Amino acid sequence: MIIDRRTLLIGTAGGVAGLTIIPAFGQVPPLKKKDHYKVGFAQTESNNPWRLAQTASMKDEAAKRGAQLVYTDAASSAAKQVADVNSMIAQGVDFIFLPPREEKPLIPAVMNAKKAGIPVLLVDRNVDPSLAKPGVDFLAFIGSNFVLEGQRVADWTIEKTGGKGKIIELEGSVGASPANDRKKGFDDTIKAKAPDMVILASQSGDFARDKGRQVAETLLQAHPDATIVYAHNDEMALGAIAAIEAAGKVPGKDILVVSIDGEKDGVQAIVDGKLGCSCECNPRFGPAAFDILYKYANGDTIPPMIINPDRFFDASNAKEVLPTAF
Ligand code: GZL
């Protein structure tokens, strides 16, 4: 029996030919090289254009690659997403693409996949890095740098307002890595660079347009002195714009709205002067995700964190990018 730091080789009655390679406790399971794979994609929900665009990108690429796709939709429930991943494991998929809805609840599912010898690639959202590590517990993370997205929106807002204003913040889904990190990036930048600005209130709108509208309505009533709304995604920003107009105020004039994602309706709102800016968060990375799968099967080294570049949209370029926005 040969045991080394990286791999546990267990001899069987068949001698060398019967050697079974299983990943040592600290190693991502290997992926056999073959032409076509049975892959799982456990989506968080389908209640906004970003999720729908991501799903379309993954499904299109799976079809192009001749993959057998096991697709599930957790309908905004982390518990259901865990069950969905466990079901994929039971179905014996070769590989799992997972956007963990929230950073902590999905960790047992990630560990179950590892124990079952199935590599997992986190696509778009991350798990709590203190509890599960890329390159050890799962293959890697591919997605945006959410802290940087928050920082870029804060910098634009400070520039636009001369570092003055009172902010209401609409947070994404509670416990989701983009919500945690977009808050950190924005709030820390405001604190560090704009001492005269204040964040009056910050509450989750769950990345959803109508919830964003309801929360914005409540917070704007509680804080009539607010001059800025920072939304963690365009859907909530569009909800806030509706709330601002319902209150008889003019978005872009009485209240500056700033956001992230770069979805079509968001970019249109920039063209219309109702949204100040949106940092892109590109959902179309099906091709890149499948490239990683094939590179891994090929024995290439996969970096633990693969960051998608994000453009930045405001009145200077919104018209030009609108036709290709998701
Ligand atoms: C970000 C992604 C977020 C989008 C929201 O990568 O996880 O989820 O910003 C979506 O629009 O719901």
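Calculation notes
- Residues numbered from 1 in each chain as written.
- Predicted model: local features only at pLDDT ≥ 70, side-chain atom pairs only at ≥ 80, totals over all residues.
- Heavy atoms only, no water.
- Helix = DSSP H or I, 4+ residues; strand = E, 2+ residues; numbered from the N terminus.
- Expected span 1.5 Å × (residues − 1).
- Buried < 20%, exposed > 50% of the residue type's maximum accessible area, 1.4 Å probe, protein only.
- Axes fitted to C-alpha atoms, helices over the stretch in contact; angles between N-to-C directions.
- Parallel < 35°, antiparallel > 145°, perpendicular 65-115°, else oblique.
- Left-handed = near helix turned anticlockwise from the far one by under 90°.
- Contact = heavy atoms within 4.5 Å.
- Nonpolar A, V, L, I, M, F, W, Y, C, P; charged D, E, K, R; others polar.
- Phe/Tyr/Trp six-rings, centres within 6.5 Å; stacked < 30°, edge-to-face > 60°.
- Pairing = 2+ DSSP bridges.
- Core = buried A, V, L, I, M, F, W, Y, C linked by side-chain atoms within 4.5 Å.
- Domains from an automatic or database assignment.
- Salt bridge = Lys/Arg side-chain N within 4 Å of Asp/Glu carboxyl O.
- Near = heavy atom within 4 Å.
- Polar contact = N/O pair within 3.5 Å; in protein donor to acceptor, adjacent residues only side chain to side chain.

This paragraph deals with helix H7 (residues 234–246). Look at H7: 18 Å from first C-alpha to last across 13 residues, which is about the 18 Å you get at 1.5 Å a residue. Most of H7 is tucked away: ten of the 13 residues are buried. Residues Asp234, Glu235, Met236, Ala237, Leu238, Gly239, Ala240, Ile241, Ala243 and Ile244 constitute the buried set of H7. Backbone geometry just downstream of H7 places Gly248 in the positive-phi region, at approximately 80 degrees.

A few words now on the packing of helix H6 (residues 209–222) against H7. With their axes 7 Å apart at the nearest point, H6 and H7 run at an angle of 45 degrees to one another. Judged by the angle between their axes, H6 and H7 are oblique. For H6 against H7, the interelement crossing comes out right-handed. Facing Arg209, Gly212, Arg213, Ala216, Glu217 and Leu220 of H6, the residues of H7 in contact are Glu235, Met236, Leu238, Gly239, Ala240, Ala242, Ala243 and Ile244. Tallied by class, the residues present in the contact of H6 with H7 amount to eight nonpolar, two polar and four charged.

A rise of 1.5 Å per residue sets the reference length of helix H9 (residues 286–297), with its twelve residues, at 16 Å; its end C-alpha atoms lie 17 Å apart and thus fit the reference within 8%. Buried residues belonging to H9 abut strand S4 (38–43), helix H1 (49–64), strand S6 (95–98), strand S7 (120–123), strand S8 (140–143) and strand S14 (305–307). Gly299 sits one or two residues past H9 and shows a positive phi near 90 degrees.

Moving on to the packing of aromatic side chains. Taken as a whole, this structure holds five aromatic pairs when the rule is applied. Here the aromatic rings of Phe97 and Phe290 are separated by 4.8 Å at their centres, their planes lie at 45 degrees, and the arrangement is tilted. Here Phe97 is found in strand S6, whereas its partner Phe290 is found in helix H9, with 193 residues between them in sequence. Plain terms: the ring middles of Phe186 and Tyr230 are 3.8 Å apart, the flat faces sit at 10 degrees to each other, and that makes the pair stacked.

Here we have six strands laid out as an open sheet, ordered S5-S4-S6-S7-S8-S14, and parallel in their pairing. Of all the strands in the sheet, the pair left with one neighbour each is strand S5 (68–73) and S14. Averaged over all neighbouring strand pairs, the angle between strand axes comes to 20 degrees, with direction disregarded. Pairing between S6 and S7: three bridges, direction parallel.

Where H1 contacts H9, the two axes come as close as 8 Å, and the packing angle between them is 50 degrees. The orientation of H1 relative to H9 falls into the category oblique. The two elements H1 and H9 meet at a crossing, and its hand is right-handed. Contacts between H1 and H9 involve Ser57, Met58, Glu61 and Ala62 from the first element and Gly286, Pro287, Ala289 and Phe290 from the second. Classifying every residue of the contact of H1 with H9 gives five nonpolar, two polar and one charged.

Here we take up the environment of Asn308. Considering the arrangement of structural elements, one finds Asn308 in the loop between S14 and strand S15 (312–314). Classification of Asn308 by relative accessible area gives buried; the value is 13%. Between the C-alpha atoms of Asn308 and Asp261, which are 47 residues apart in sequence, the distance is 13 Å.

Counting 67 residues, the largest nonpolar core has Ile96, Phe97, Leu98, Leu121 and Val153 as its most contacted members. A per-element tally of this core places H9 first, with six residues. Split by domain, the residues of this core number at least three in each of domain 1 (12–21 + 33–142 + 284–306) and domain 2 (146–281). Setting aside its immediate chain neighbours within four residues, Val153 contacts Phe186, Tyr230, Val258, Ser259, Ile260, Cys277, Cys279 and Phe312. Judged by nonpolar contacts, the second largest core, of 31 residues, contains Ala201, Val215, Met236 and Ala243.

It is worth spelling out the pattern of salt bridges at this point. All chains considered together, the criterion is met by 29 salt bridges. Between Lys274 and Glu245 there is a salt bridge, with the nearest N and O atoms lying 2.9 Å from each other. On the criterion of sequence distance, the pair formed by Lys274 in the loop between helix H8 (264–271) and strand S13 (277–280) and Glu245 in helix H7 is long-range, its members being 29 residues apart. Assessed through its relative accessible area of 31%, Lys274 is described here as partly exposed. Sharing partners across several salt bridges, the network here consists of Glu45, Arg101, Glu102 and Asp206.

The next point concerns the site of the ligand. Near the ligand, the surroundings consist of Asn48, Trp50, Arg51, Asp124, Arg125, Phe146, Pro178, Arg182, Phe207, Asn233, Asp261 and Cys281. With respect to the ligand, the side chain of Asn233 contributes an N or O atom lying 2.9 Å from an oxygen atom. Tallied by class, residues from the shell around the ligand come to five nonpolar, two polar and five charged. Shared between two domains, the shell around the ligand takes at least three residues from each, and those domains are domain 1 (12–21 + 33–142 + 284–306) and domain 2 (146–281).

All quantities given are derived from atomic positions and should not be read as evidence of function.
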